[in-house]
Amino acid sequence: MTAVNNKPDTTAEFVAWFRSVAPYIHTFRGKVFVIGFSGEMITDAKFVNFIHDINLLASLGVRLVLVHGARPQIQLRLDESQLETQTVMGMRVTDPAALQCVKESVGRVQHEIAALLSMGLPNSPMANAAIRVTSGNFVTACPYGIIQGVDLMHTGKVRKINAPAIHSRLEQGDVVLISPLGYSPTGEIFNLTMENVATETAIALRAEKLILLLDTVDCTASAENKAGKLPRELTIAESKLLLEHKIPTPTPRVPDTLLPALQSATKACEMGVTRAHLVSRHCDGAILQELFTHHGIGTMITQESLQALRKAKIEDVGGILQLIEPLETEGILVRRGRELLEIEINRFTVFEHDGIIFGCAALYPFPEERACELACLAIHPDYRNQGHGERLLKHIENKTIAQGIHKLFVLTTHATHWFIEHGFNAATTAELPKTKQNLYNYQRRSKVLIKHLGD
Ligand SMILES: CC(C)(COP(=O)(O)OP(=O)(O)OC[C@H]1O[C@@H](n2cnc3c(N)ncnc32)[C@H](O)[C@@H]1OP(=O)(O)O)[C@@H](O)C(=O)NCCC(=O)NCCS
């Protein structure tokens, strides 16, 4: 799969790469993404690149809501004013003097971000950008209350998000920038967390995506390194088990620093946001890599599993062809044209991951001879050795049994051992159904293998 992180170095690769991102561009146009990032990220030298990426997303028609944090900026201002604040269970008590520092810091950060988004220098990625940034009193807040006997005063939480007002700005093509401050109907101001504002905004807007950029370096597991990391994908149910420390995936358990973001992302998905992404901010172009490559670089939380084993539909013909054509060229599978595939699509079962067909198999019944043929079993090379072939075979076996048939045969040139290890036995062409014997291609010299299925 071509990826943005793999820099295309020939014209052909560039063209292939550009085409590979086209489906994402179509899918994302007009969709609402809420992106939350910390105050730490704003101080990073790479922040300007992030702003360029935001600009790119906006120009592709993504409706963007940015929610920023300001924790280090507030701390700096408090230090300058020689003010000390109390912390209860990780939450800062915002008294009236601290609130003054919060307002000053948040205001400054907001203006700095708006200024960066307004850049339009020629010969830079922002040339001709003309992004219009909107801010406003979109967040109604209420006091957090009293914890362990301590009144958190102006530390608050989101009570309501004015979704219609934000939607109307997005419809006009504006990028909406929201600060971690909320206002109460009584005219008070509250200090909020970025995570709280971003999550509630995504829920209120019924956003397509909530993306939280994390300060943790390298927070998502790679194939080689899973210790203390989040998996690449989690359903809401899996994420809840992880939060409750009920599953040891990956080992050792996920560090506590990642849990609040995971909690926010899980809540957002539970409340209707289609997908939530947790991505380390430390990687340049993190957001582009997460959005425009098939596997992404972060952790994606979804309502349902993205992987499905299902009956093929006519729309899958293109995906199946892409999967089997290289195997046909190598002579591993018998060539089937698009037309035959379209006619026989009902015989196929496919394995799909997030819209990509990565496995298929076909089942042809010979009812008069009480046998079924398994054909065209294929798993994409990137997905092999993970048990998908076995799962697909099991599915086909169950389908065979469901027809009251207990004899499954396969003709294969390259996977004889695989089938033998899965309970098939070598057989002769004479044991095949008569009609199949007549079609047997003696030039291919495929091995005949039969499995007798139990009830
Ligand atoms: C055969 C195939 C479907 C297996 O898919 P898969 O998802 O990798 O299979 P699984 O993960 O269930 O099994 C992996 C195991 O089978 C072994 N295996 C994979 N292909 C094999 C082959 N052609 N011959 C022998 N063993 C094989 C792997 O080494 C691995 O062994 P391990 O568990 O001891 O490490 C896949 O390799 C494929 O698509 N091959 C090309 C198409 C083909 O030959 N189809 C059969 C004709 S219909």
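In this text the structure is predicted, and so the values were computed from the model without any measurement. (Residues numbered from 1 in each chain as written. Predicted model: local features only at pLDDT ≥ 70, side-chain atom pairs only at ≥ 80, totals over all residues. Heavy atoms only, no water.)

Chemist: Residues and numbers for the overall build of the protein chain, please.
Modeler: What the protein chain contains, in helices and strands, is 15 helices and 23 strands. Here the C-alpha coordinates of the protein chain stretch approximately 90 × 55 × 40 Å along the principal axes. The proportion of buried residues among the 455 residues of the protein chain is 48%. With an accessible surface of roughly 22,600 Å², the protein chain has 52% of that area assigned to carbon and sulfur atoms. With 46 positive and 48 negative side-chain charges, the protein chain shows a spacing of 4 Å between the two charge centroids. (Helix = DSSP H or I, 4+ residues; strand = E, 2+ residues; numbered from the N terminus. Buried < 20%, exposed > 50% of the residue type's maximum accessible area, 1.4 Å probe, protein only. Areas by Shrake-Rupley, 256 points an atom, 1.4 Å probe, with all protein chains shown as cover. Lys, Arg positive; Asp, Glu negative; His and termini not counted. Charge placed at Lys NZ, Arg CZ, Asp CG, Glu CD.)

Chemist: With reference to specific residues and values, describe the packing of helix α4 (residues 71-80) against helix α5 (residues 96-117).
Modeler: Viewed as axis vectors pointing N to C, α4 and α5 meet at an angle of 130°, and their least axial separation amounts to 9 Å. For the element pair α4 / α5, the angle class is oblique. By crossing handedness, the relation of α4 to α5 is classed as right-handed. Contacts from Gln73, Ile74, Arg77 and Leu78 of α4 reach α5 at Ala98, Cys101, Val102, Glu104, Ser105, Val106, Arg108 and Val109. (Axes fitted to C-alpha atoms, helices over the stretch in contact; angles between N-to-C directions. Parallel < 35°, antiparallel > 145°, perpendicular 65-115°, else oblique. Left-handed = near helix turned anticlockwise from the far one by under 90°. Contact = heavy atoms within 4.5 Å.)

Chemist: Describe the domain arrangement of the protein chain, with residues and values.
Modeler: Examined at the domain level, the protein chain breaks down into domain 1 (11-305) and domain 2 (308-452). The distance between the C-alpha centroids of domain 1 and domain 2 comes to 46 Å. Listed as interface residues are five residues of domain 1 and, on the opposing side, four residues of domain 2. Here domain 1 and domain 2 share an interface that buries about 430 Å² over both sides, 40% of which is from carbon and sulfur atoms. Where domain 1 packs against domain 2, one counts one salt bridge. (Domains from an automatic or database assignment. Buried area = accessible area lost by both parts, 1.4 Å probe. Salt bridge = Lys/Arg side-chain N within 4 Å of Asp/Glu carboxyl O.)

Chemist: With reference to specific residues and values, describe the sheet that holds strand β23 (residues 447-452).
Modeler: In space, the seven strands of this open sheet follow the order β17-β18-β19-β20-β21-β23-β22, with mixed pairing throughout. Edge positions in the sheet fall to β17 (307-311) and β22 (425-427), since each has one partner strand and no second. Mean inter-strand twist for the sheet, computed between neighbouring axes without regard to direction, equals 30°. The sheet contact formed by strand β20 (residues 371-379) and strand β21 (residues 407-412) spans three bridges and is parallel. Looking across to β21, one finds that Cys372 is bridged to Leu408. Each of β18 (348-353), β19 (356-366) and β20 is contacted by helix α11 (residues 317-329), which is oriented at about 80° to β19, the strand it contacts most. (Pairing = 2+ DSSP bridges.)

Chemist: Can you break down helix α6 (residues 163-171) residue by residue, with the values?
Modeler: Regarding α6, the residues found buried are Ala163, Ala165, Ile166 and Leu170. Viewed along the axis of α6, the buried residues span an arc of 165°, placing them on a single side of the element. Exposed and facing more than 90 degrees away from the buried side of α6 are Pro164 and Glu171. Packed against the buried residues of α6 are β1 (32-37), β2 (63-68), β9 (156-161), β10 (175-178) and α7 (194-205). Two to three positions downstream of the cap, the backbone nitrogen of Ala165 sits 3.2 Å from a side-chain oxygen, assigning the N-cap of α6 to Asn162. (Arc of directions from axis to C-beta. Polar contact = N/O pair within 3.5 Å; in protein donor to acceptor, adjacent residues only side chain to side chain.)

Chemist: Lay out the site of the ligand with the relevant residues and their values.
Modeler: Neighbouring the ligand are 20 residues; Leu377, Ile379, Asn385, Gly387 and Gly389 lie closest to it. Contact between the ligand and Asn385: an oxygen atom at 2.8 Å from a main-chain N or O atom of the residue. Relative to its free-state accessible area of 910 Å², the ligand is covered by the protein chains to the extent of 70%. Mapped onto the shell around the ligand, the elements with two or more residues apiece are β20, α13 (388-402) and α14 (416-421). Across the shell around the ligand, the residue classes tally to ten nonpolar, eight polar and two charged. (Near = heavy atom within 4 Å. Nonpolar A, V, L, I, M, F, W, Y, C, P; charged D, E, K, R; others polar.)

Chemist: Report on the pairing of β1, specifying residues and quantitative values.
Modeler: In terms of residue burial, β1 counts as a mostly covered element, since six of its six residues are buried. Of the two faces of β1, both are covered, the one formed by Val32, Val34 and Gly36 as well as the one formed by Phe33, Ile35 and Phe37. As paired strands, β1 and β2 are joined by six bridges and run parallel to one another. Paired with Ile35 across the bridge in β2 is Leu66. By the bridge criterion, four bridges tie β1 to strand β13 (residues 209-214) in an arrangement that is parallel. Among the inter-strand pairings, Val34 is bridged to a residue of β13, identified as Leu210.

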